[in-house]
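Single-letter residue listing:
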Amino acid sequence: MSQNSAIEWTESTWNPVTGCTKISDGCLNCYAARMTRRLKAMGSANYKNGFKLTVHQDSLQLPLKWKKPQLIFVNSMSDLFHRDVPDRFIFDMFKVMQEAHWHKFQILTKRSERLLCMSNELPWADNILMGVTVESEKYLYRLEHLKKTGAKTKFLSLAPCPACSPGLI
């Protein structure tokens, strides 16, 4: 069964990776870190390591089991392009997304450097939407990285944070 989402711009979530590390101003009030504490306290197995990055091999094939077409946010509780996610696992996730062609997958990252480095090797299917978060002018370079990827559909998350200087939005 898919993970229905309360996130207004998607229908479901798929989290074969959980946990992360803060890399920018937009991470200061991370909802995933807060939610992880709650899920760990509730005894959820995927959050036994708290917010330490954890790969869940057993979750990799889940979208192939979901027969109803959905808009799926990939790694709402992590960042797929985190340096500690093995390249092989990222390729495996892209393979699953290609195979599950009846779904649309939304991937969002703040780690646009790694995204750009891997982009030419990734199988960019039409159902894979790639986005970057830009929380202030300081992070506009992520937009430039995204533009250079092979993703057919690209999107932005413009998410100002209290610690960021005004100006972009």
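Nothing here was measured: the structure is a model prediction, and the numbers come from that model.

Caption draft 1: Here's a closer look at the overall build of the chain. A tally of regular secondary structure across the chain gives 5 helices and 8 strands. Buried residues in the chain amount to 49% of all 169 residues. Split by element, the accessible area of the chain, about 9,000 Å² in all, is 54% carbon and sulfur.

Caption draft 2: Here's a closer look at the environment of His101. Tracing the chain through its elements places His101 in the loop between α3 (87-99) and β6 (104-109). With 38 residues separating them in the primary sequence, His101 and Pro63 have C-alpha atoms 9.8 Å apart.

Caption draft 3: Spatial organisation of the packing of aromatic side chains. Taken as a whole and judged by the stated rule, the model has 3 aromatic pairs. Ring centres of Phe94 and Trp124 lie 5.1 Å apart, and the angle between their planes is 90°; on these two criteria the pair is classed as edge-to-face. You can see Phe94 sitting in helix α3 and its partner Trp124 sitting in the loop between α4 (112-119) and β7 (128-134), a full 30 residues away along the chain. The burial state of Phe94 is the same as that of Trp124; both residues are buried.

Caption draft 4: Geometry of the pairing of strand β5 (residues 71-74). Bridge count between strand β2 (residues 12-14) and β5: 3 bridges; the pairing is parallel. Across the sheet, Thr13 pairs through a bridge with Phe73, a residue of β5. Here β5 runs beside β6; their pairing, made up of 4 bridges, is parallel. Each bridged residue has a counterpart across the sheet, and for Ile72 the counterpart in β6 is Phe105.

Caption draft 5: Region of the structure containing the pattern of salt bridges. Scanning the entire structure with this criterion turns up 7 salt bridges. Across the salt bridge formed by Asp87 and Arg114, the nearest N and O atoms sit 2.4 Å from each other. Of this pair, Asp87 sits in helix α3 while Arg114 sits in helix α4, and the two are 27 residues apart along the sequence. Among the ionic pairs, Arg88 bridges to Asp92, the shortest N-O distance being 3.3 Å. In this pair, Arg88 and Asp92 both sit in helix α3, 4 residues apart, roughly one turn of the helix.

Caption draft 6: Focus on the nonpolar core. Counting 32 residues, the largest nonpolar core has Trp14, Phe81, Met93, Phe94, Met97 and Ile107 as the members making the most contacts within it. Listing elements by their share of this core, those giving two or more residues are β5, α3, β6, α4 and β7. Sorting elements by how many residues they give to this core places α3 first, with 7 residues. Ignoring sequence-local partners within four residues, the contact set of Phe94 consists of Leu80, Phe81, Ile107, Leu122, Pro123, Trp124 and Ile128.

Calculation rules
Numbers given to residues run from 1 along each chain, matching the order in which its sequence is written. The predicted nature of this model means local features are confined to residues of pLDDT at least 70 and side-chain atom pairs, given and counted, to a pLDDT of 80 or more, with totals for whole chains, interfaces and linings taken over all residues. Calculated side-chain values reflect all of the structure's heavy atoms, with hydrogen atoms and water omitted. Helix and strand assignments come from DSSP, with helices taken as H or I runs of at least 4 residues and strands as E runs of at least 2, each series counted from the N terminus. Each residue gets one of three labels from its accessible area relative to the maximum for its type: buried under 20%, exposed over 50%, partly exposed in between, using a 1.4 Å probe on protein chains only. Exposure was quantified through the Shrake-Rupley algorithm and a 1.4 Å probe, taking into account, for residues, occlusion by the shown protein chains and nothing else. Only Phe, Tyr and Trp rings take part, Trp by its six-membered ring, and two of them pair if their centres are within 6.5 Å. Stacked means planes under 30 degrees apart, edge-to-face means over 60, and tilted covers everything else. When DSSP finds two or more bridges between two strands, those strands count as paired. A pairing counts as a salt bridge when a side-chain nitrogen of Lys or Arg comes within 4 Å of a carboxyl oxygen of Asp or Glu. Definition of nonpolar core: a set of buried residues of the types Ala, Val, Leu, Ile, Met, Phe, Trp, Tyr and Cys, connected through side-chain atoms within 4.5 Å. Should any heavy atoms of two residues lie within 4.5 Å, those residues are considered in contact.

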